[in-house]
Amino acid sequence: MALFDKRTKQSLGGASSQPNISTRDIPSEVPVIGLKNTVIYPFTVVPVFFEDTTSLRALEYAQTHDNIIGAFAMNKPFDPSVKEESDDQKFPQLKPEDLNVVGTACVIHRVMPVSGKAGAMVVLQGLAKIEATHIRMEDDLLKAVVTVLDETVRDSKEVRALMKNALNTAQHIIQNTPYLPQELQIALEDLNDPLKFVYLLATLVRFDMAEKQMILEEDSVKEKLKKTAAILSRELEQIELGGKIVSNVKKEFNKMSREAFLRQQLKEIQRELGEESETQQEANEYRKKMDSGDFPDEVTKDVGREIERLESMHPHSSEYQVIRTYLDWVFDLPWGVAKSKAVDLKKVEATLNADHYGLEEVKKRLLEYLAVQKLSPKLKGPILCFVGPPGVGKTSLGKSIANALGREFVRISLGGVHDEAEIRGHRRTYVGAMPGKIIQGIRRAGVPNPVFMLDEIDKVGTDFRGDPSSALLEVLDPEQNGTFRDHYLDLNYDLSQVLFIATANILDTMQPALRDRMEVIDLSGYIDEEKQEIAKTHLWPRVLERHGLTKSKVKLQDSVFPVVINEYTREAGVRNLERELSKLARKVVFDMVHGKQKTATISPEKARGYLGSQRVFPEIKARTSRPGVATGMAVTQAGGEILFIETAQMPGGRGFMVTGSLGEIMKESARAALSVVRSRSEKLGIPDQFFKRNDIHVHVPQGAVPKDGPSAGVAMVTAIVSLILNKPVKHDVAMTGEITLTGQVLPVGGIKEKILAAKRAGISTVVLPKRNESDVKDIAPKLLKGLKVHFVESIDEVFSLVLSK
Ligand SMILES: Nc1ncnc2c1ncn2[C@@H]1O[C@H](COP(=O)(O)OP(=O)(O)O)[C@@H](O)[C@H]1O
Ligand SMILES: [Mg+2]
């Protein structure tokens, strides 16, 4: 252990670092000692052990002369095997060519014999850097002619900075190296002289021989400092690395068996050596992915841990695969913030118009919604919900919005989802666990900000497996969906960039809590004229394209559309219409290929031939020609529909019967209808004994379809009255409205759907509750064209309107 010599430091203090006292005393020729594994620097005091005869002789000589000796480091590593081989020559001789020419003149402080060993421990103090111009052997003694090399120090800011830097590194090394005393740090901090500073450092810290020599030989103190700093940093790195390996291994040790411990240690060593096993390669691939992506902190932390687990596992174990699948999920997901494009409302409007005919109100509301979003993106509006029967364009509107906004589109169907785990995933402890539909959808989208359609949100069910709607509520709540937690991922995922759009067929069956979150946009269906336009401008061109046809090859006469619409489809939307048009196209292609024709024209007759026998018949006239049948209007999943209320009377007097898969409410409504009629017997001119002698049966076909609700009240009363008075109901009239016992007509829902259904069925007059008048005002006038609407407050107004004379 070397320590700085206090006396020298004091006596040499000051700006000049030249130890002039000593240099003056250095003779021009000095005895030479060879240093096997160290370099002695000026100003330092070092104990050295000598055992070679040459050096021992030189020490002896010096002690009898000036007490000054030239210490030169050997220029190649000392090879102890040489010594062992030559038994007779225990102490190999030094040769001049083994020594560096730059060395240090030293003063001998003490020579101490070492017990039990030949040789001596010598305490030397470096005086000055010297260069040997000539070394020769003289009676077992090496002597060198030397010149003192001046080392002046030019102090500068840069030198100070370099010192500070080196000091900093040295401090770390000292703190992490048990064999270096803490006092050293203080000694270094105290040292003002750069040259002494650098020499002390180079003495104490573990440099190899060539490096030590290099520091000595370097002329400028600046370079010395730079090189020292570089070596120190390398040293520090190694120390830290050693510490890291030990501490990494320790951390894992508690958890693992001995074998696993050894494997882990092997891995750490392999990793540092750059050798990788199969699992490590895989783990490193994942690490690379992690480094190259922009992941939230939580992900980096938790997933980092999973990667470590993966690494310590056997690649054939089942858990290994489980973790891999998990990691793949994590890295396949789009994380971070998507670059949001500015919303161009003009472009959105143009796209919506190009993709969809009509739907003015819907488009307007969509644009309003997007305008608000654009102005204040922070303001989290409600989720949009498109409500309407199948085939009215809910899904395709969603796609169109995504298109217009330049975002990805994904759709998941919630129909029949009963289990919360389907939305939110299964915990990973489940065998075959997977993320839920939301996260799956996001992965499919590949971006964190898609337009995300939740189809059939009215059809999620609740049962013992948990309530999916609570998970949906979280997804749809802007306050919560920034940290959506899928059970499988077990990480927060930010859904706040997603534009969710829900769709539903009817609102009635939707969970009230869900409905409250949403802004409902109604798409109630199309009238014939609209369907014709849609078919002409959108469906048919698309069908043509899909079949590789063009307008010039296949001409479709406009009069074909009404035929397809009225004779082959009956629906609120246009889905079947599109299907029938596709069928036409298919058949035309077949004919053209067989008949080797280049072109074809489709007329109504030809269309009927292609589509087969008529499938939809105007049945109202036939059905309502008898007394006792009234036409009602209802709303179902498929949109508005007309339905027939049939009544029959028979002698008996046992009572009243209701059939046709009716729900409780509808059954009660039928009883109320009967009471309304009975209470009006006298007014209506019904014979006294009629109800005593006759049974009344009310039936609502189609018998297999469940129906419920109070809105058929008016039609039921009408049917019963028509039956008893034997006056048929006018065949082109349909009616809706709830009835009270006193005969008042109460408002009902779904007016627009009902009116559309009536028009579809060829009805020309509808009877509606007075208090639904405002609903009718909201309907575009073109939808009401050709329809006579009567508003009534009491059932008594109805009979004169609907019963034929
Ligand atoms: N107004 C419209 N203009 C043009 N095409 C329409 C319109 N409404 C519906 N369609 C087309 O009808 C088909 C069925 O629509 P879809 O979006 O699947 O209905 P939904 O999702 O409401 O059941 C789609 O091909 C759609 O493009
Ligand atoms: Mg759809």
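Residues numbered from 1 in each chain as written. Chains lettered and ligands numbered in written order. Predicted model: local features only at pLDDT ≥ 70, side-chain atom pairs only at ≥ 80, totals over all residues. Heavy atoms only, no water.

A.B. asks: Looking at this structure, how should I read the pairing of strand S7 (residues 141–148)?
C.D. replies: Regular strands place their side chains on alternate faces of the sheet. Bridge analysis of strand S2 (residues 29–35) against S7 gives 3 bridges, and the strand direction is antiparallel. Within the sheet, the bridge partner assigned to Pro31 lies in S7 and is Lys143. Between the end of strand S6 (residues 120–138) and the start of S7, which pair antiparallel, lie 2 residues, with Asp139 showing a positive phi angle near 35°. (Pairing = 2+ DSSP bridges. Helix = DSSP H or I, 4+ residues; strand = E, 2+ residues; numbered from the N terminus.)

A.B. asks: Mind showing me how you'd approach the site of ligand 1 here?
C.D. replies: Taken together, 19 residues lie around ligand 1, and Tyr357, Gly391, Lys394, Thr395 and Arg575 are the ones closest in. Backbone polar atom of Tyr357 to a nitrogen atom of ligand 1: 2.8 Å apart, as the coordinates give it. The backbone of Gly391 places a nitrogen or oxygen atom 2.8 Å from an oxygen atom of ligand 1. When isolated, ligand 1 has an accessible area of 550 Å², and the protein chains bury 90% of it. Every element with two or more residues in the shell around ligand 1 is listed here: helix H16 (394–405), helix H21 (528–546) and helix H23 (575–595). The element that contributes the greatest number of residues to the shell around ligand 1 is H21, accounting for 4 residues. (Near = heavy atom within 4 Å. Polar contact = N/O pair within 3.5 Å; in protein donor to acceptor, adjacent residues only side chain to side chain. Areas by Shrake-Rupley, 256 points an atom, 1.4 Å probe, with all protein chains shown as cover.)

A.B. asks: Mind showing me how you'd approach the UniProt feature "binding site: ATP" (unreviewed entry) in the protein chain here?
C.D. replies: As recorded in UniProt, the feature "binding site: ATP" (unreviewed entry) lies at Gly388, Pro389, Pro390, Gly391, Val392, Gly393, Lys394 and Thr395. Summarising the element assignment, Gly391 is placed in the loop between strand S8 (383–387) and H16. Leaving out residues up to four positions away in the same chain, Gly391 has contacts with Tyr526, Gly573, Val574 and Arg575. With respect to the helices, strands and loops of the structure, Gly393 is situated in the loop between S8 and H16. (UniProt positions renumbered as here; feature names shortened; annotations may be inferred. Contact = heavy atoms within 4.5 Å.)

A.B. asks: Just checking my understanding: could you explain a negative patch on the surface for this structure?
C.D. replies: Residues Glu361, Glu368, Asp775 and Asp778 make up a contiguous surface patch of negative charge. By the secondary structure assignment, Asp778 is in the loop between helix H31 (773–777) and helix H32 (781–784). Given a relative accessible area of 68%, Asp778 falls into the exposed group. (Patch = residues over 30% accessible without salt bridge, like charges linked within 9 Å, V, L, I, M, F, W, Y side chains within 5 Å. Salt bridge = Lys/Arg side-chain N within 4 Å of Asp/Glu carboxyl O. Lys, Arg positive; Asp, Glu negative; His and termini not counted. Charge placed at Lys NZ, Arg CZ, Asp CG, Glu CD. Buried < 20%, exposed > 50% of the residue type's maximum accessible area, 1.4 Å probe, protein only.)

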